[in-house]
Amino acid sequence: MVLCFRVLFFSMEIISCNPVSHRCILKFQGTAVQRSLSSHETELDIFRGRSLISFVNKPELQICRYFSADQFVSRKCKGRSSIVVNAIKGFEHADPNVLTESYRSYVLDGDESARNTSGKSIPKVVIPGLPDEAKDEYVASVTSCSWEWKPKLNVHYEKAGSENVDSPPVLFLPGFGVGSFHYQKQLKDLGRDFRAWAPDFLGQGLSLPCEDPTLCRKISDKSESVLYNLLWGFGDESQPWAKELVYSIDLWRDQVRYFIEEVIGEPVYIVGNSLGGYVALYFAACHPELVKGVTLLNATPFWGFLPNPVKSPRLSRIFPWAGTFPIPPAVRKLTEVVWQKISDPESIAEILRQVYADHSTNVDEVFSQILEVTKHPAAAASLASIMFAPQGQLTFKEALSRCRVNNIPVCLVYGKEDPWVKPIWGLQVKHQFPEAPYYEISPAGHCPHDEVPEVVNFLLRGWIRNVESQGSVELPLLDCPESFQYDFSKDLEFTRDGSRKSVRVNFYGSRSSFWNRMRSFFKPLVKDQGIDSTKAPTLFK
């Protein structure tokens, strides 16, 4: 009865309550604290020792925080906020209809396993899993298409959701070495709500040329003839249609532009992973009128080794070859050696083991698709062209600055356990673009959209709806507008293949210090090395 009285006093609806085992689910609707209450501390600390939360109202601070009642650390909350208070421990029999984002209800677990290193309880949010065709759940149909951009340059792409005529268009850009097949889980799921496209970059996936970009005038010996037939691009001179062909980031930027103009026909939301993230940002900086927003999924913050001929014309002339066809004789041997190594099935499998944090993720389809691409006769020369292509005219940092100046909405979704684009790169992006919501997922690696698609799709849906509504729909996982200013963590649970899975999502707000985040990034490193954090340098304290 005491628990019920206190909860109702703060305008909270009890969905389920078990006072004996101290289990409770709360659904919050409306005002959190009555205006007649003092602006000083209003404490709910009578439940010490029962895994409850002490709650303090200080409207002038405009901040919500939740802590253990045993530690008696206050959480301040603005009076009109929609909030969640942890008052349960191991709730087991909740109505699944309540546990959805659409109801804005959360199951909170007071167990020690749901606490972070600072002792704060981590709220749990149940989100939908991927649609299951075997259970007759609606899955968007995916169609494979081909678009001729230029003579001999056909772009393969896949699309879904064409029937959603009034829905926002979303364009997915793949990372290096993969293609549209890497976004199957987004097309089948998000294609139910949006119109979605996923093209292969020229020189990758199924957008490789249908004929040799070079001609062979003379062959000195039989081995050279065999090599020429197996590997395109190793001839003596380029075909007329391939004279200016270089698989560079500038080419992909132009490819995206014409794809949007000629195939989609209107401004789009762009989602890019790894290399695709760089291209998405680069394109948005150059053509803001065609972009409604950009989501970066572990975007690589750099691309290319050679100077750009437009940006640095004198410096670029120092380098004799910049990715054009044919491949120069001096580069051919190097290309053969490198290609034999990276196209080996075991090498591909090892790379996938590196970039996926959860090794239980089924990557058989991704593996087979990558392996199939390596068998194309143009694949080796295309790799050489990509590796020797010049840098873009804008650096990643410059492109990000332009997007901010042009008020292009940007959302950051990063896998924390990425061995390549480590969290420090995402933190730097957030530091440069504080208005961008930043969701860090753990465990997740370099390709969170394929490893934890349930979470990425949930965040993408919510973010697009937030932008489309001009902010009237709250960002995903935020309980109130003020939450955007501060860091918090939530555990997201979903069902996959009949079993429950859980990942943690850290949200980085706009007010928190970049150096505070860096400190939290280094703390686990200190712990792993067995260093006493109380004796560590100031940066780690």
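Remember, predicted model here, so these are calculated numbers, not experimental data. Residue positions are given per chain, counting from 1 as you read along its sequence in written order. Restriction of local features to residues with pLDDT of at least 70 applies here, the model being predicted, together with a cutoff of 80 or more for giving and counting side-chain atom pairs; totals for whole chains, interfaces and linings are based on all residues. Excluding hydrogens and water, the side-chain values take into account all heavy atoms of the structure.

Section: a nonpolar patch on the surface
The line we're drawing: Residues qualify for a patch when their relative accessible area is over 30% and they have no salt bridge, like charges being joined within 9 Å and the nonpolar side chains of Val, Leu, Ile, Met, Phe, Trp and Tyr within 5 Å. Note on areas: Shrake-Rupley, 1.4 Å probe, and residue coverage restricted to the protein chains presented here. A side-chain nitrogen of Lys or Arg and a carboxyl oxygen of Asp or Glu constitute a salt bridge if their distance falls within 4 Å. Summary of the burial criterion: residues with accessible area below 20% of their type's maximum are buried, those above 50% are exposed, and those between are partly exposed, where the area comes from a 1.4 Å probe applied to protein chains only.
Taken together, the side chains of Phe176, Phe305 and Met387 present a nonpolar region at the surface, about 310 Å² in accessible area. For Met387, a relative accessible area of 30% corresponds to the partly exposed category.

Regarding the nonpolar core
For clarity, the threshold we go by: Take the buried Ala, Val, Leu, Ile, Met, Phe, Trp, Tyr and Cys residues and link them wherever side-chain atoms come within 4.5 Å; each set so joined is a nonpolar core. Secondary structure elements are taken from DSSP: a helix is a run of H or I of four residues or more, a strand is a run of E of two residues or more, and numbering for both begins at the N terminus. Contact criterion: two residues are considered in contact whenever any of their non-hydrogen atoms come within 4.5 Å of each other.
Among the nonpolar cores identified, the biggest contains 70 residues, and Leu171, Trp252 and Ile260 are the most heavily contacted of them. Examining the composition of this core, we find that nine residues originate from one element, helix H5 (residues 275-286), more than from any other. Here Trp252 is in contact with Phe201, Leu202, Gln204, Tyr247, Leu275, Val279, Trp303 and Ile386, once residues within four sequence places are set aside. Core analysis: the next-biggest nonpolar cluster, separate from the first, contains 39 residues, Phe172, Tyr269, Val452 and Leu460 among them.

Describing the environment of Pro151
Secondary-structure assignment places Pro151 in the loop between strand S5 (142-150) and strand S6 (153-160). Pro151 sits in the exposed class, given a relative accessible area of 59%. Distance from Pro151 to Ala242, taken between C-alpha atoms, is 9.4 Å for residues 91 residues apart in sequence.

With respect to the side chain of Ser483
With respect to the secondary-structure elements, Ser483 resides in the loop between helix H14 (453-468) and strand S15 (488-496). Residues contacting Ser483, with those up to four places away along its chain left out, are Leu478, Phe488 and Phe507.

Some details on the pairing of strand S4 (residues 123-126)
What counts here: Any two strands with at least two DSSP-identified bridges between them are counted as paired.
Neither face of S4 is open: one carries Pro123 and Val125, the other Lys124 and Val126, and all of them are buried. As judged from the three bridges shared by S4 and S15, these two strands associate in the parallel manner. Paired with Val126 across the bridge in S15 is Glu493.

A closer look at the packing of helix H4 (residues 249-264) against H5
The criterion, for reference: With axes taken as lines fitted to C-alpha atoms, and helix axes fitted only over the stretch in contact, angles between N-to-C directions fall between 0 and 180 degrees. Each angle gets one of four labels, with under 35 degrees taken as roughly parallel, over 145 as roughly antiparallel, 65 to 115 as roughly perpendicular, and the rest as oblique. If you view the pair so one helix is near and one far, a crossing is left-handed when the near helix is turned anticlockwise from the far one by less than a right angle, and right-handed when it is turned clockwise. In the scheme used here, Gly and all other residues not listed as nonpolar or charged are polar, with Ala, Val, Leu, Ile, Met, Phe, Trp, Tyr, Cys and Pro taken as nonpolar and Asp, Glu, Lys and Arg as charged.
Contact geometry of H4 with H5 gives a least axis separation of 9 Å together with a crossing angle of 65°. By the criterion of interaxial angle, the relationship of H4 to H5 is roughly perpendicular. When the axes of H4 and H5 are compared, the crossing they make is right-handed. When H4 is examined against H5, the residues Ile249, Asp250, Trp252, Arg253, Val256, Arg257 and Ile260 are found in contact with a partner set consisting of Leu275, Tyr278, Val279, Tyr282, Phe283 and Cys286. Residues of the contact of H4 with H5, tallied by class, amount to 10 nonpolar, no polar and three charged.

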